[in-house]
Amino acid sequence: MDRLPNLDPLRFILASLVMIFHIPHLSRNQGLPYFSEAAIFNRGTEAVYMFFVLSGFLIIRLIYRYKQRDAFSIKKFYIRRMLRIFPLYYLIVIFGFLFYWMILPALNIPFENNYNLKDGVLLTTFFLPNVFGKLYEPGGILEVLWSIGIEEQFYLMIAPLLFFLRKTRLLIALVILTIGYFVIFHLDIFYVLVKFKFVYFFLFSGGVVAILEEKNRLEFLKRFMVIPMLVIGSTILYFTTNIFQFDERWVTNLVTMVLFCLFVHTLAHNNLGVIIKSKFLNHLGHISYGIYMFHVIAMNFVVFFILKVEEHKIFNDTITIVLINILTFALTILFAHLSYKYFETYFLKLKTKFR
């Protein structure tokens, strides 16, 4: 399968937005100086939503292409997803429980675990970390796993659905699913879907755009240069201002879903020939899963280190904020790189056996 351009750097940018969203929160909780006034420091959740759109776009595109050749295997699909997601996911799960139940107490650092360990293990093992995180707030290392749970739940739904549907009905089925679930999600009686962030419509909508592109039904977007420029400009404004934040949740989510779908499509298929070829940026995109998974661990290390430094009053607030951000980014990228090279790659190589 051909690799689409610009999406790896996008993954790194999105992971970075999640990082700069979380850093001020931990700094504030620990009494350290922080800065979160600019809108871009408050778009971590929205960055994850774009990750969802991107995942739906790529996964459904892949399944659709296999379906066109009558070569889609649910077994191979799940094995490949397991090899990509499971090793690092369970590594972080294990470390997270050890960190909050053993490491922090051993260091005499107070942290209240207000849940039964068995319940936490069951919820995270069976991919309900979004439910676990919302019910108990078990700590950032474990709470950040909520989005991995949403993706895994999506995979469990989408593969059987697309396997049994006829090729000619895939698009209409996804359109109905996206619209229907979007409406249900925003009905008050289904508030539990909002509470636990079951935002599957972002993933479904990414798949709709992928199939529309495969069917050459989005050519009209490529006729005028102004369209990709408007999409990219609007997305930048989305993350740097509040003009796309509305009082009604359903309006904000609808605008977000449509804009993110257009943005992913623009980067991959309507980019005016602008392709990011930087090996460094693309590598950061390759390890973005690790960046997302390790950043809270790195952030905790950095903040605890800065707390010790702060006792000596060496730096002013501005330098402290800059140091926390730079050290967190550097340590996160180091962790992610080492994990990718010496841990994840072993499992990724096995994926080729199940194409």
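Remember, it's a predicted structure, so these values are computed and weren't measured experimentally. (Residues numbered from 1 in each chain as written. Predicted model: local features only at pLDDT ≥ 70, side-chain atom pairs only at ≥ 80, totals over all residues. Heavy atoms only, no water.)

> Break down the side chain of Asn 300 for me, citing the residues and quoting the values.
Within the element layout of this structure, Asn 300 appears in helix H14 (residues 288–310). Overall, Asn 300 belongs to the buried group, its relative accessible area being 8%. (Helix = DSSP H or I, 4+ residues; strand = E, 2+ residues; numbered from the N terminus. Buried < 20%, exposed > 50% of the residue type's maximum accessible area, 1.4 Å probe, protein only.)

> Could you give an account of the pattern of salt bridges, with specific residues and numbers?
Per the counting criterion, the structure on display carries 8 salt bridges. The salt bridge involving Arg 84 is made with Glu 344; its shortest N-O contact spans 3.1 Å. A residue pair is termed long-range when its members are at least 10 positions apart, and Arg 84 in helix H3 (residues 74–106) and Glu 344 in helix H15 (residues 317–350) qualify at 260 residues. Judged by its relative accessible area of 15%, Arg 84 falls in the buried class. A cluster of three or more residues bridged by salt bridges with shared partners is formed by Arg 3, Asp 8 and Arg 11. (Salt bridge = Lys/Arg side-chain N within 4 Å of Asp/Glu carboxyl O.)

> Which residues make up unusual backbone geometry, and what values go with them?
Notably, Phe 127 is not glycine yet its phi reads approximately 55°, a positive angle. If you trace the backbone, Phe 127 turns up in the loop between helix H4 (117–125) and helix H5 (129–136). We note that Glu 137 has phi near 45°; this positive angle belongs to a residue other than glycine. Residue position: Glu 137 is located in the loop between H5 and helix H6 (140–143).

> Let's hear about the packing of helix H2 (residues 44–68) against helix H10 (residues 200–214): which residues, and what values?
The geometry of a pair of packed helices is captured by two quantities: the angle between their axes and the separation between those axes. It is at 6 Å that the axes of H2 and H10 come closest, and there the two elements cross at 45°. Classified by the interaxial angle, the pair formed by H2 and H10 is oblique. You can see that H2 and H10 cross each other, and the crossing is right-handed. Packed against H2, whose contacting residues are Tyr 49, Phe 52, Val 53, Ser 55, Gly 56, Phe 57, Ile 60, Arg 61, Tyr 64 and Arg 65, the element H10 presents Phe 202, Leu 203, Phe 204, Ser 205, Gly 206, Gly 207, Val 209, Ala 210, Ile 211 and Glu 214 at the interface. Grouping the amino acids of the contact of H2 with H10 by side-chain chemistry returns 12 nonpolar, 5 polar and 3 charged. (Axes fitted to C-alpha atoms, helices over the stretch in contact; angles between N-to-C directions. Parallel < 35°, antiparallel > 145°, perpendicular 65-115°, else oblique. Left-handed = near helix turned anticlockwise from the far one by under 90°. Contact = heavy atoms within 4.5 Å. Nonpolar A, V, L, I, M, F, W, Y, C, P; charged D, E, K, R; others polar.)

> Describe the packing of aromatic side chains, naming the residues involved and giving the relevant values.
Summed over the entire model, instances satisfying the criterion amount to 44 aromatic pairs. Residues Phe 72 and Phe 77 carry aromatic rings whose centres are separated by 5.9 Å and whose planes lie at 70° to one another, so their mutual orientation is edge-to-face. This pair shows no difference in class: Phe 72 is buried, exactly as Phe 77 is. Ring geometry for Tyr 115 and Phe 132: centres 4.9 Å apart, planes at 90°, overall edge-to-face. With Tyr 115 in the loop between H3 and H4 and Phe 132 in helix H5, this residue pair connects regions lying 17 residues apart in the sequence. As far as the burial class goes, Tyr 115 and Phe 132 line up, both buried. The cationic tip of Arg 28 hangs over the ring face of Tyr 34; the distance from NZ or CZ to the ring centre is 5.9 Å. It is Lys 197 that lies over the ring of Trp 146; its NZ or CZ is 4.5 Å from the centre. (Phe/Tyr/Trp six-rings, centres within 6.5 Å; stacked < 30°, edge-to-face > 60°. Lys NZ or Arg CZ within 6 Å of the ring centre and 35° of its normal.)

> Requested: an account of the layout of surface pockets, with residues and values cited.
A volume near 1,200 Å³ is recorded for the largest pocket. In terms of lining residues, the largest pocket is bounded by 35 residues, among which Arg 3, Arg 11, Leu 58, Arg 81 and Arg 84 are the most central. Of all the secondary structure elements, the ones that give two or more residues to the lining of the largest pocket are helix H1 (7–29), H2, H3, helix H7 (146–164), helix H13 (279–286), H14 and H15. Here the lining of the largest pocket gets 10 residues from one element, more than from any other, and that element is H2. Residues belonging to the lining of the largest pocket are distributed by class as follows: 17 nonpolar, 6 polar and 12 charged. Counted as a void, the second largest pocket has a volume near 940 Å³. Lining of the second largest pocket is provided by 35 residues; of these, His 22, Asn 29, Gly 139, Gly 140 and Glu 143 occupy positions nearest its centre. Of all the elements in the fold, those that place two or more residues in the lining of the second largest pocket are H1, H2, H3, H5, H6 and H14. It is H1 that provides the largest number of residues to the lining of the second largest pocket, a total of 7 residues. Of the residues belonging to the lining of the second largest pocket, the class tally is 18 nonpolar, 11 polar and 6 charged. (1 Å grid on protein atoms, 1.4 Å probe; cavity = no way out; pocket = protein on both sides within 12 Å on 5 of 7 lines; lining within 4 Å. Points joined across faces, edges and corners; volume = space filled by probe spheres on them.)

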